[in-house]
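Here is how the chains run, residue by residue.
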Amino acid sequence: FLETTAYFCMKPKMGEKEVSPHSFFSIWHEFSSDFKDFWKKENKLILQERVKEAEEVCRQKKGKSLYNIRPKHDSGIVSKNCSNA
């Protein structure tokens, strides 16, 4: 615990010799809850952007035909028999 408080440069409050776990973790709790809230908001924004991109791709693909329709060629047996008659 003392190494962790030293790593984060925490100094004891006035009148205390060492940083108490209560003071350290109260600050840590505030930080982690704020971080979690921002994380959720950021993930929600990213998800909304990805949904918009996917919808745009779907709209573009629906605009384009997935297959081509070609006119029917007269090359079968029936067309050969009809032209001879």
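Just so it is clear, the structure is predicted and the values come from calculations on it, not from any experiment.

> Give a description of the pattern of salt bridges that names residues and reports values.
When the charged atoms of two side chains lie near each other, side chains of opposite charge can form a pair. The full count for this structure, using the stated rule, is two salt bridges. When the shortest N-O distance is used, the salt bridge between Arg59 and Glu55 registers 4.0 Å. Placement of the pair is Arg59 and Glu55 together in helix H2 (residues 21–63), with a separation of four residues, close to one helical turn. Here Arg59 and Glu56 are joined by a salt bridge, their closest N and O atoms 2.8 Å apart. Taken as a pair, Arg59 and Glu56 lie in helix H2 at a separation of three residues, close to a single helical turn.

> Give me the lowdown on the packing of aromatic side chains, citing residues and values where you can.
As enumerated under the stated definition, the model contains 10 aromatic pairs in all. Here Tyr7 and Phe8 contribute two aromatic rings whose centre-to-centre distance is 5.2 Å and whose plane-to-plane angle is 85 degrees, an arrangement assigned as edge-to-face. A residue is classified by how much of its surface remains accessible, and Phe8, at 41% relative accessible area, is partly exposed. A centroid spacing of 6.3 Å and a plane angle of 10 degrees characterise the contact between Phe24 and Trp28, whose relative ring orientation is stacked. Here Phe24 pairs with Trp28, and both are found in helix H2, just four residues apart, close to one helical turn. Following the ring pairs from residue to residue traces out a cluster consisting of Phe1, Tyr7, Phe8, Phe24, Phe25, Trp28, Phe31, Phe35 and Trp39.

Parameters at a glance
Residues numbered from 1 in each chain as written. Predicted model: local features only at pLDDT ≥ 70, side-chain atom pairs only at ≥ 80, totals over all residues. Heavy atoms only, no water. Salt bridge = Lys/Arg side-chain N within 4 Å of Asp/Glu carboxyl O. Helix = DSSP H or I, 4+ residues; strand = E, 2+ residues; numbered from the N terminus. Phe/Tyr/Trp six-rings, centres within 6.5 Å; stacked < 30°, edge-to-face > 60°. Buried < 20%, exposed > 50% of the residue type's maximum accessible area, 1.4 Å probe, protein only.

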